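Here is what each chain is made of, one letter per residue.
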Amino acid sequence: MANTEPSGAQKMFGDFAPALVSFTDDVLFGQVWPREQLSPKDRSLITVAALITGGNTEQLTYHLGLAKENGATEDELKEAITHLAFYAGWPKAMSAMAVAKQVFEGN
């Protein structure tokens, strides 16, 4: 049975940006994420690292939750953020940790 619940992209952009919604749902999450060469946990850790490195904390809330669903622990995610402070920059890591605190503590 197909999922009839609108995707996150559909909820955000619906008819406003249908091509972006389609690429997000059909290509990114429909074709790229399911590839077997990397585990879902590994893909999540890579994605979280890329978002932090790029300073894209607005997408981090969703991807930290997805990382947990994909098997990453809160301790692993906090350690990844701490590690990235030395590679991505201290302010980016501090911003990411603030998002992680909100996600993990439900605030």
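Residues numbered from 1 in each chain as written. Predicted model: local features only at pLDDT ≥ 70, side-chain atom pairs only at ≥ 80, totals over all residues. Heavy atoms only, no water.

(A) View of the packing of aromatic side chains. Counted according to the given criterion, the structure contains 3 aromatic pairs. Each ring, one from Phe-29 and one from Tyr-62, has its centre 6.3 Å from the other, and the planes form 85°; the classification is edge-to-face. Placement of the pair is Phe-29 in helix α2 (residues 18-32) and Tyr-62 in helix α4 (residues 60-69), with a sequence separation of 33 residues. Residue classification places Tyr-62 among the partly exposed positions, given a relative accessible area of 47%. Note on Phe-86 and Trp-90: the rings are 5.4 Å apart at their centroids and 90° apart in plane angle, and the pair reads as edge-to-face. On the basis of relative accessible area, Phe-86 is assigned to the exposed category, the value being 63%. Linked through ring pairs, Phe-29, Trp-33 and Tyr-62 together constitute an aromatic cluster. (Phe/Tyr/Trp six-rings, centres within 6.5 Å; stacked < 30°, edge-to-face > 60°. Helix = DSSP H or I, 4+ residues; strand = E, 2+ residues; numbered from the N terminus. Buried < 20%, exposed > 50% of the residue type's maximum accessible area, 1.4 Å probe, protein only.)

(B) Main features of the packing of α4 against helix α6 (residues 90-105). For the pair α4 and α6, interaxial distance at closest approach is 10 Å and the crossing angle is 60°. Between α4 and α6, the angle is such that the two are oblique. By crossing handedness, the relation of α4 to α6 is classed as right-handed. Only Ala-96, Val-99, Ala-100, Val-103 and Phe-104 of α6 make contact with α4, whose side of the interface consists of Leu-60, Thr-61, Leu-64, Gly-65 and Lys-68. (Axes fitted to C-alpha atoms, helices over the stretch in contact; angles between N-to-C directions. Parallel < 35°, antiparallel > 145°, perpendicular 65-115°, else oblique. Left-handed = near helix turned anticlockwise from the far one by under 90°. Contact = heavy atoms within 4.5 Å.)

(C) Summary view of the side chain of Arg-43. By the secondary structure assignment, Arg-43 is in helix α3 (residues 40-54). No salt bridge is formed by the buried Arg-43, whose closest oppositely charged neighbour, Asp-42, lies at an N-O distance of 8.3 Å. One polar contact links the side chain of Arg-43 to the main-chain carbonyl oxygen of Trp-33, over a distance of 3.3 Å. In this view, Arg-43 contacts Val-32, Trp-33, Arg-35, Gln-37 and Leu-38; residues no more than four positions away in its chain are not counted. (Lys, Arg positive; Asp, Glu negative; His and termini not counted. Salt bridge = Lys/Arg side-chain N within 4 Å of Asp/Glu carboxyl O. Polar contact = N/O pair within 3.5 Å; in protein donor to acceptor, adjacent residues only side chain to side chain.)

(D) Fine view of the packing of α3 against helix α5 (residues 74-84). Direction vectors running N to C along α3 and α5 enclose 40°, while the axes themselves pass 10 Å from each other. Once α3 is placed against α5, the crossing between them reads as right-handed. In contact with Lys-41, Leu-45, Val-48, Ala-49, Ile-52 and Thr-53 of α3, α5 contributes Glu-76, Leu-77, Ile-81 and Leu-84. Here the contact of α3 with α5 is composed, by residue class, of 7 nonpolar, 1 polar and 2 charged. (Nonpolar A, V, L, I, M, F, W, Y, C, P; charged D, E, K, R; others polar.)

(E) Highlighting α4. Three or more residues of α4 are buried, namely Leu-60, His-63, Leu-64, Leu-66 and Ala-67. When α4 is viewed along its axis, its buried side chains cluster within an angular range of 165° and face the same direction. On its buried face, α4 is in contact with α2, α3, α5 and α6. One or two positions beyond α4, positive phi appears at Gly-71, with a value near 105°. (Arc of directions from axis to C-beta.)

(F) Geometry of the nonpolar core. In this structure, Val-48, Ile-52, Leu-60, Leu-64, Leu-77 and Ile-81 are the most contacted members of the largest nonpolar core, which totals 17 residues. Listed by contribution, the elements that provide at least two residues to this core are α3, α4, α5 and α6. Of the residues forming this core, the biggest block, 5 residues, is contributed by α6. (Core = buried A, V, L, I, M, F, W, Y, C linked by side-chain atoms within 4.5 Å.)

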